[in-house]
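# Structural characterization, general
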Amino acid sequence: MRVIIEPDYEALSKWAANYVANRIIQANPTPEKPFVLGCPTGSSPLGLYRNLIDMYSAGKISFQNVITFNMDEYVKLPEDHPESYHSFMWNNFFKHIDIKPENVHILNGNAPDLVAECNHYEELIAQAGGVDLFMGGIGPDGHLAFNEPGSSLSSRTRIKTLTTDTIHANSRFFDNDLSLVPKQALTVGIGTVMDAKEVLLVCSGHNKARALKHCIDGDISHKWTSSMLQMHPHAIVVCDEAACDELTVGTYKYYLDKERGNL
Ligand code: GLP
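To start, this report covers the structure provided alongside it. (Residues numbered from 1 in each chain as written. Predicted model: local features only at pLDDT ≥ 70, side-chain atom pairs only at ≥ 80, totals over all residues. Heavy atoms only, no water.)

### Regarding the overall build of the protein
- When you go through the protein residue by residue, the secondary structure sums to eight helices and 10 strands.
- Its C-alpha atoms give the protein a radius of gyration of 17 Å, within 12% of the compact-globule value 18 Å for 263 residues.
- Across its three principal directions, the C-alpha atoms of the protein cover 55 × 45 × 35 Å.
- Every one of the 263 residues in the protein was classed for burial, and the buried ones make up 56%.
- Taking the contacts inside the protein whose residues are at least 6 apart along the sequence as the reference set, 78% of them involve residues at least 24 apart.
- For the protein, the accessible area works out to roughly 11500 Å², and carbon and sulfur atoms hold 51% of it.
- Side chains of the protein carry 22 positive and 32 negative charges; the gap between the two charge centres is 4 Å. (Helix = DSSP H or I, 4+ residues; strand = E, 2+ residues; numbered from the N terminus. Rg over C-alpha atoms; globule rule 2.2 N^0.38 Å. Buried < 20%, exposed > 50% of the residue type's maximum accessible area, 1.4 Å probe, protein only. Contact = heavy atoms within 4.5 Å. Areas by Shrake-Rupley, 256 points an atom, 1.4 Å probe, with all protein chains shown as cover. Lys, Arg positive; Asp, Glu negative; His and termini not counted. Charge placed at Lys NZ, Arg CZ, Asp CG, Glu CD.)

### What about the nonpolar core?
- Counting 43 residues, the largest nonpolar core has Phe 134, Leu 212 and Cys 239 as its most contacted members.
- For this core, the secondary-structure elements that each account for two or more residues are β1 (2-6), β3 (66-70), α4 (114-127), α6 (190-194), β9 (198-203), α7 (209-217), β10 (235-240) and α8 (249-260).
- Setting aside chain neighbours within four positions, we find Phe 134 in contact with Gly 38, Cys 39, Phe 69, Met 71, Val 188, Thr 192, Val 193, Ala 196, Glu 198, Val 199 and Leu 200.
- Counting 33 residues, the second largest nonpolar core, distinct from the first, contains Phe 35, Leu 48, Ile 53 and Ile 106. (Core = buried A, V, L, I, M, F, W, Y, C linked by side-chain atoms within 4.5 Å.)

### Notes on the side chain of Thr 68
- Looking at the element boundaries, Thr 68 is found in strand β3.
- Looking at Thr 68, the relative accessible area reads 1%, which means it is buried.
- Leaving out residues up to four positions away in the same chain, Thr 68 has contacts with Leu 37, Cys 39, Phe 94, Ile 99, Asn 103, Val 104 and His 105.

### Quick notes on the environment of Pro 112
- For Pro 112, the position within the fold is in the loop between β5 (104-105) and α4.
- Assessed through its relative accessible area of 89%, Pro 112 is described here as exposed.

### Thoughts on the side chain of Thr 251
- When you line up the elements, Thr 251 lands in helix α8.
- A relative accessible area of 13% places Thr 251 in the buried class.
- At 2.7 Å, the side chain of Thr 251 forms a polar contact with the side chain of Asp 217. (Polar contact = N/O pair within 3.5 Å; in protein donor to acceptor, adjacent residues only side chain to side chain.)

### Topic: the pairing of strand β6 (residues 133-136)
- Because side chains alternate across β6, one face comprises the buried residues Leu 133 and Met 135, and the other comprises Phe 134 and Gly 136, equally buried.
- Looking at chain direction, strand β2 (residues 35-39) and β6 are connected through two bridges and run parallel. Bridging across to β6, Leu 37 finds its partner in Leu 133.
- For β6 and β9, the ladder comprises four bridges, and the chain directions are parallel. Looking at β9, one finds that Gly 136 is bridged to Leu 201. (Pairing = 2+ DSSP bridges.)

Shown next, in the form of structure tokens:
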């Protein structure tokens, strides 16, 4: 695992966006061999998306031959609800770039058969040749996508019931009214993310410090599902100083030294 420690949110967002853009450019995607990008929602990736949009606007990158698969979506929240992940992705990323709408994949939380929807999503990812780079954030309880504590570390796309912690955390997007937060979501599994060729997580702020500690400094555990990334051959976590507040001094120094080339 690589851990990149940047001073603040702006710097980590820039680092992550540059990394993603370089990967897409290096892959030189074509309609026959597109680049497959996994996309998260939440506040953490907003800066990353903003930087990618700026690079697109400056003519440095194109998304014409990029296929996306989003991580998750709420169950039974109308697609056009301002807090649906469909709305989030179009408003914060897709409508600002040259991605082809038919190349965008987001789980349908209103599908008549949710199990079939999840299975079909896995098939679509396989048909696309797998995910080249899965971007992600981390929930305060260490979850990845909506793989809440206790999720199987080999799980595939499925329905998950949200924990009280997550319902509280996400109530800020629903007028702080817990009753308005959907109680279930469709989410890719930890196994789905682990199958990606690369995984890049962004993690910012003191309220993520405990989650980051368990993700990179603790044991692999289904209680902190992002810790499974320790088993991934190409995982990168990009964080800011505030998110490092609970790392051991040894871990913190090791990753700083390693990235500075001192080790
Ligand atoms: C939601 C999403 C996760 C995201 C998490 C953290 O629960 N399903 O994918 O990582 O929120 O969100 P934020 O970045 O806003 O803290």
